[in-house]
Amino acid sequence: MKLTLVEYGNGIEIAEDIRPLIDRANKVIGQALRVKRSALVITDGKLRALGIAGTIRLDKNLELEIVPKMLDDQGESDWKESLFLLAALSKYGNIITSEHIHSSTAYKDSLYDIAGRVLAREYSHLRRKPIRQYRREKFADFSIEGEINFELVFERNPDGIPQERVSFDKINPYNAAIQAAMRIVLPYVKEASIRETLNRAIQELGHQSRFIPKRLKVPARNREWAETYNLAYDIVTGMGSSLENGEIMSPSFIVDTWRIWEWLITVAFKVGLGNRLRVIPQATIPWGEKKANGKRSRVNVFPDVAIYSLTDTAEPIFLVDAKYKTLSDNTEIDRSDLYEAFAFCHATGAKKLFLAYPTIAEDEIESGSVATVSNYEIEDVTISAIQVAFGSITKQGDITAFCRKMSAEIMTAIA
């Protein structure tokens, strides 16, 4: 049985015996996304999802499917594929390998495609600092390169004298897991450049030691490999789809949607503006001072995106703050968002800020289109609430088109 609801929607009615399953699901989601808030809430007997999307198994016979609000108009396979790609690129999603759901082969293929992208990207980034470990190796050779047992020196051996040596190389269980995971996902990766990267990585890792079916702690000196190893381990031990009563069972998948929206808005300006302007994400801007118990500390603000000219970095041209919320029917924004936006402008000297809310791209509204909902004039500062249309990104070039369209329309709005 499957329950389906739309994130931030009106919710669906649930039976009383499902409440304990929701409590357990919140714990699983919290651990997967490293958040403390309850993403699934029950109000007046209705279940709602706040700030998450994906699929999760509640018990053996019940699954929960959460459609992201910005992809509500797409078919089941399209919204999942779009969501998987966004999560893979942004890193704000997680595969829950312990929670398997009933799914189609397309779902499994998408998961493996995502995993392949992540493994290829992380390996390319970290390959110059591979995981190396000491290991004791036994070998035979006629030249003396290691420690020898003198009792065996005069024994006839066609391969040479038995010896032992300590090597510091890439042959270890960590690289074995990563290589094995790459071999598993490789047939499912669609993009030729990603397949090429994985094939090259498999060759570079070479002959490996035996895979150990126990999760190991990555050494502190290689801590940057921890996420890559853990994903690889999950692929080899748990992510492989299984059959249950003749149906395919695949891992659950959950994402933190507001973080993905924030990431998407930031990337849109980086891609859309290119080298014409400076795009500074999450800059630390001093705003004031706190005095308490005889101590002083700075009060900083962190606007999502600050846009500067290439020549003048003293004052931003405009700021953007991504808001993954639902605007009320009267287009009123939360007062806390308004106050925060004014604080950003006051701290940076900016005279213009956009609060960017998502909306669904439809036939007559192209993905990336920007519509101004309301303007707030406070002294010499203008704060604009805008809706940015978002649609399917299942085809090559969809994300780039969204980025260029959105950034171009905002630049037109401030001209």
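Here, every reference points to the structure presented above.
The rules behind these values
- Residues numbered from 1 in each chain as written.
- Predicted model: local features only at pLDDT ≥ 70, side-chain atom pairs only at ≥ 80, totals over all residues.
- Heavy atoms only, no water.
- Helix = DSSP H or I, 4+ residues; strand = E, 2+ residues; numbered from the N terminus.
- Contact = heavy atoms within 4.5 Å.
- Pairing = 2+ DSSP bridges.
- Axes fitted to C-alpha atoms, helices over the stretch in contact; angles between N-to-C directions.
- Salt bridge = Lys/Arg side-chain N within 4 Å of Asp/Glu carboxyl O.
- Patch = residues over 30% accessible without salt bridge, like charges linked within 9 Å, V, L, I, M, F, W, Y side chains within 5 Å.
- Areas by Shrake-Rupley, 256 points an atom, 1.4 Å probe, with all protein chains shown as cover.
- Buried < 20%, exposed > 50% of the residue type's maximum accessible area, 1.4 Å probe, protein only.
- Lys, Arg positive; Asp, Glu negative; His and termini not counted.
- Charge placed at Lys NZ, Arg CZ, Asp CG, Glu CD.

Chemist: For this particular structure, what's the right way to read the side chain of Asn-222?
Modeler: Residue position: Asn-222 is located in the loop between helix H5 (192–205) and helix H6 (226–239). Not counting the four nearest positions on each side in its chain, Asn-222 is found in contact with Pro-130, Ile-131 and Arg-132.

Chemist: I tried to follow the sheet that holds strand E4 (residues 46–49) on my own but got confused; where do I start?
Modeler: Hydrogen bonds between backbone atoms are what pair the strands of a sheet, whose relative direction is either parallel or antiparallel. Strand order in the open sheet formed by three strands is E2-E4-E3, and the pairing between neighbours is antiparallel. Two strands lie at the open edges of the sheet, namely strand E2 (12–13) and strand E3 (40–43), each paired on one side alone. Sheet topology note: the E2/E4 ladder contains two bridges and is antiparallel. Looking at E4, one finds that Ile-12 is bridged to Leu-47. Contacting E3 and E4, helix H1 (residues 19–33) crosses the sheet at an angle of about 150° to E3.

Chemist: Any chance you could explain the sheet that holds strand E17 (residues 318–322) here in plain terms?
Modeler: Read from one edge to the other, the open sheet built from six strands follows the order E13-E16-E17-E18-E20-E19, with strand pairing classed as mixed. Unpaired on one side and paired on the other, strand E13 (278–281) and strand E19 (370–378) mark the two borders of the sheet. Here the strands of the sheet are splayed against their neighbours by 25° on average, with no regard to which way each runs. Looking at chain direction, E17 and strand E18 (residues 352–360) are connected through four bridges and run parallel. Bridge pairing in E18 links Asp-321 to Leu-355.

Chemist: I keep staring at the pattern of salt bridges and nothing clicks. Help me out?
Modeler: Close approach of charged atoms lets side chains of opposite charge pair. Tallying each qualifying case throughout the model produces 18 salt bridges. Between Arg-121 and Glu-122 there is a salt bridge, with the nearest N and O atoms lying 3.1 Å from each other. Residue Lys-325 is joined to Asp-337 by a salt bridge in which the shortest nitrogen-to-oxygen separation is 3.0 Å. Here Lys-325, found in the loop between E17 and helix H8 (335–348), pairs with Asp-337, found in helix H8; they are 12 residues apart in sequence, far enough to count as distant.

Chemist: Help me out: how do you make sense of a nonpolar patch on the surface in this one?
Modeler: Taken together, the side chains of Tyr-134, Val-166 and Phe-168 make up a nonpolar region of the molecular surface, amounting to roughly 350 Å² of accessible area. Position of Tyr-134 relative to the elements: it lies in strand E8 (residues 133–141). Exposure remark for Tyr-134: the relative accessible area of 62% places this residue in the exposed category.

Chemist: How do you make sense of a negative patch on the surface when you look at a structure like this?
Modeler: A contiguous patch of negative charge on the surface is contributed by Asp-72, Asp-73, Glu-362, Asp-363 and Glu-364. Its location among the elements puts Glu-362 in the loop between E18 and E19. On the basis of relative accessibility, which here comes to 42%, the residue Glu-362 falls in the partly exposed class.

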